[in-house]
Amino acid sequence: MTVIGFGTWAWGNKLLWGYRPEKDDATLEATFKTAIDNGLRLVDTADSYGVAQLNGRSEELLGKYIKKISASQLSNLTVATKLAPYPWRLGREGLKKPFEASKGRLMGNLTRVQLHWSTYRYAPWQEVELIEGLADLVEKKHVKEIGLSNMGPKRLKFIYDLLLKRGIKLKSLQIQYSLLAPNPNKQLEIQILCKELNIDLLAYSPLALGVLTKKPEERTLNGTFLRKTLCNQLLADSMELRMKLNEIALERKASQAQVAINWCRYNGAIPIPGVRSPSQAKDAADATKWMLTKKEANELTQLSLNCPVRMPNNPFQSE
């Protein structure tokens, strides 16, 4: 894949903790502009990014920023949002109002609608109805594409077949995918199935919450108590992997982030790193200018498999 996108989960995080509109909005707009100007062509957001009184704020900001880009940039841009299957969003029209709200916040610029997570573990009947409702939106030409998020191979194939019966192509699946993602065997199974069915595989958290960007000598990571507890253990157990990432980065005159992103690209995934600043957006875009060799990719994969501690499973990830 030569394309990568950028996710706005980090914006949602900003909109939860210490959000300062006069400063943060300017930084986010500069980040978006840098990403677009440097060729990133996929934007991934969600109606749940920026919760409580700031619910939908990430989409709202994106809508304003998208209005300012050129017609040629807009024509090459895929704007994707995820709708949360909250327990009160029931029935075939359970996502209709949330969809209209998201499209409104994005000022009509919405290419792909995605189910944010699978309800199969606790309400399989809810999931089927919501998917049928999203398919209705495509049939009525309210949106062009459907995508999924946090689904395993069994559920992916079921929904793919469900949509195929209606003549609708499933465009993408978004999962946690990185050198430190949980369950690498399941990750590979999903990767193979997506290739077989011609479904774009989107990799969220391709940098494992920033762990893969840390140089070998770095032993701690800043953030909340829970994040530090998790990531500091990951840092300790990923030393050899990060040494190899750093070695390749030095040889390539690139960042470790670019190397980790390129491992995803080499394996057929489209990374959507959650960029927080213009410099991170530029770095992500620079990752598209080169590709790992087979030897480099295989070495990273083997070191990845040797890591005893990995990122936690998403509790909503289905089988």
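Scroll up for the structure.
Fair warning: this is a prediction, and the values are worked out from it, not measured in the lab.

Draft legend 1. Structural detail: the pairing of strand 3 (residues 78-83). By the criterion of burial, strand 3 is predominantly enclosed, with six of the six residues buried. With burial as the criterion, each face of strand 3 is covered, one bearing Thr78, Ala80 and Lys82 and the other bearing Val79, Thr81 and Leu83. Where strand 2 (residues 42-46) lies against strand 3, five bridges are found, and the strand directions are parallel. Residue pairing across strands places Leu42 opposite Thr78, the latter belonging to strand 3. As judged from the four bridges shared by strand 3 and strand 4 (residues 112-115), these two strands associate in the parallel manner. The residue bridging Ala80 from the neighbouring strand is Arg112, located in strand 4. In the classification by handedness, the crossover that spans strand 3, the intervening helix 5 (residues 96-105) and the parallel strand 4 is right-handed.

Draft legend 2. Quick look at the pattern of salt bridges. Enumeration over the complete set of coordinates arrives at 25 salt bridges. For the salt bridge of Asp200 with Lys171, the shortest nitrogen-to-oxygen distance reads 3.7 Å. Taken together, the residues Asp200 in strand 7 (residues 200-204) and Lys171 in strand 6 (residues 170-176) connect sequence positions 29 residues apart. For Asp200, a relative accessible area of 17% gives the class buried. With a closest N to O distance of 2.7 Å, Lys295 and Glu299 form a salt bridge. With a gap of four residues between them, Lys295 and Glu299 both fall in helix 13 (residues 294-305), about one helical turn apart. We classify Glu299 as partly exposed; its relative accessible area is 26%. One network of salt bridges, in which partners are shared, links Arg92, Glu132, Asp136, Glu139 and Arg166.

Draft legend 3. Inspection of the environment of Ala284 at higher detail. Topologically, Ala284 is positioned in helix 12 (residues 278-286). For the pair Ala284 and Ala257, spaced 27 residues apart in sequence, the C-alpha to C-alpha distance is 7.5 Å.

Draft legend 4. Quick peek at the packing of helix 11 (residues 256-266) against helix 13. Running from amino to carboxyl end, helix 11 crosses helix 13 at an angle of 100 degrees, the nearest separation of the two axes being 10 Å. The angle between helix 11 and helix 13 falls in the class roughly perpendicular. Where helix 11 abuts helix 13, its residues Val259, Trp263 and Tyr266 lie against Lys294, Ala297, Leu300 and Thr301. Tallied by class, residues from the contact of helix 11 with helix 13 come to five nonpolar, one polar and one charged.

Draft legend 5. Representation of the pairing of strand 6 within the structure. Counting buried positions along strand 6 gives six out of seven residues, so the element sits mostly inside the fold. Pairing between strand 5 (residues 145-149) and strand 6: four bridges, direction parallel. Bridging across to strand 6, Leu148 finds its partner in Leu173. With five bridges connecting them, strand 6 and strand 7 associate as parallel partners. Bridge pairing in strand 7 links Leu173 to Leu201. In the classification by handedness, the crossover that spans strand 6, the intervening helix 8 (residues 184-197) and the parallel strand 7 is right-handed.

Cut-off values and rules
Residues numbered from 1 in each chain as written. Predicted model: local features only at pLDDT ≥ 70, side-chain atom pairs only at ≥ 80, totals over all residues. Heavy atoms only, no water. Buried < 20%, exposed > 50% of the residue type's maximum accessible area, 1.4 Å probe, protein only. Helix = DSSP H or I, 4+ residues; strand = E, 2+ residues; numbered from the N terminus. Pairing = 2+ DSSP bridges. Right-handed = clockwise from strand over helix to strand, strands pointing away. Salt bridge = Lys/Arg side-chain N within 4 Å of Asp/Glu carboxyl O. Axes fitted to C-alpha atoms, helices over the stretch in contact; angles between N-to-C directions. Parallel < 35°, antiparallel > 145°, perpendicular 65-115°, else oblique. Contact = heavy atoms within 4.5 Å. Nonpolar A, V, L, I, M, F, W, Y, C, P; charged D, E, K, R; others polar.

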